[in-house]
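Geometric and topological summary
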Amino acid sequence: MEIITGYPEEAQKIIWCESRNIAEAVGENLDKDGEVWSRDHSFWQINDYYHAAKALDMGLDITDPSANLKYGHWLYQTEGSKHWSASRKCWADPQLKIN
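Note that this is a predicted model, so its numbers are computed, not measured.

Here we look at helix 2 (residues 48–57)
One side-chain oxygen at the N-terminal end of helix 2 lies 2.9 Å from the backbone nitrogen of tyrosine 49; it belongs to asparagine 47. Two residues or fewer past helix 2, glycine 59 is found with a positive phi of approximately 80°.

Dropping the structure here:
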């Protein structure tokens, strides 16, 4: 587990809630038949179905932890926290302390 610093507190909380700061974290998303249709990768748990192409256009591979941090930070800065609404209950908790 890595310590993620240098980001706004809310961003650090999102990363913690999404991946527990684990660079190799991968979440599989299943369809109604139990088949994997997409995966969420690394620190920010960036979904490959929705974001891989855009990230590659930016020269970033979301499966690479360093690139995942860059893309996730860009996404957070440009679009806010909406992409992580599923974990909002965790990261919006004022009692959550990550440092």
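Anyway, onward from the coordinates.
Focus: the nonpolar core
In terms of nonpolar packing, the biggest core is built from 20 residues, with Trp44, Ile46, Tyr71 and Trp84 touching the most fellow members. Residue assignment for this core shows that the elements contributing at least two residues are helix 1 (9–19) and helix 3 (65–79). Considering every element that reaches this core, the biggest residue donor is helix 3, with five residues. Once residues lying within four places of it in the same chain are set aside, the contact partners of tryptophan 84 are Ile14, Glu18, Trp44, Ile46, Gly72, Leu75, Tyr76 and Trp91.

Comments concerning the environment of isoleucine 62
Assignment of secondary structure puts isoleucine 62 in the loop between helix 2 and helix 3. The spatial distance from the C-alpha of isoleucine 62 to the C-alpha of glycine 80 is 18 Å, given a sequence separation of 18 residues. The contact partners of isoleucine 62, leaving out residues within four places of it in the chain, are His41, Ser42, Ile46, Asn47, Asp48, Ala52, Ala55, Asn68 and Tyr71.

Regarding the pairing of strand 2 (residues 36–41)
Here strand 1 (residues 26–30) pairs with strand 2 via five bridges, running antiparallel. By the bridge assignment, asparagine 29 is partnered in strand 2 with serine 38. Counting the residues between successive antiparallel strands, the hairpin from strand 1 to strand 2 contains five residues, one of them, glycine 34, with a positive phi of roughly 85°. Counted along the chain from strand 2 to the antiparallel partner strand 3 (residues 46–47), the turn is four residues long, and its residue serine 42 has a positive phi close to 60°.

Section: the sheet that holds strand 1
Across the sheet, which stays open at both edges, the three strands sit in the order 1-2-3 with antiparallel pairing between neighbours. This sheet does not close on itself; its edge strands, each paired only once, are strand 1 and strand 3.

Description of unusual backbone geometry
Within the chain, arginine 20 stands out as a residue other than glycine whose phi angle is a positive 55°. Mapping arginine 20 onto the fold places it in the loop between helix 1 and strand 1. Of note, the phi angle at asparagine 21 is positive, near 65°, even though the residue is not glycine. Relative to the elements of secondary structure, asparagine 21 occurs in the loop between helix 1 and strand 1.

Thresholds, definitions, all that
Residues numbered from 1 in each chain as written. Predicted model: local features only at pLDDT ≥ 70, side-chain atom pairs only at ≥ 80, totals over all residues. Heavy atoms only, no water. Polar contact = N/O pair within 3.5 Å; in protein donor to acceptor, adjacent residues only side chain to side chain. Helix = DSSP H or I, 4+ residues; strand = E, 2+ residues; numbered from the N terminus. Core = buried A, V, L, I, M, F, W, Y, C linked by side-chain atoms within 4.5 Å. Buried < 20%, exposed > 50% of the residue type's maximum accessible area, 1.4 Å probe, protein only. Contact = heavy atoms within 4.5 Å. Pairing = 2+ DSSP bridges.

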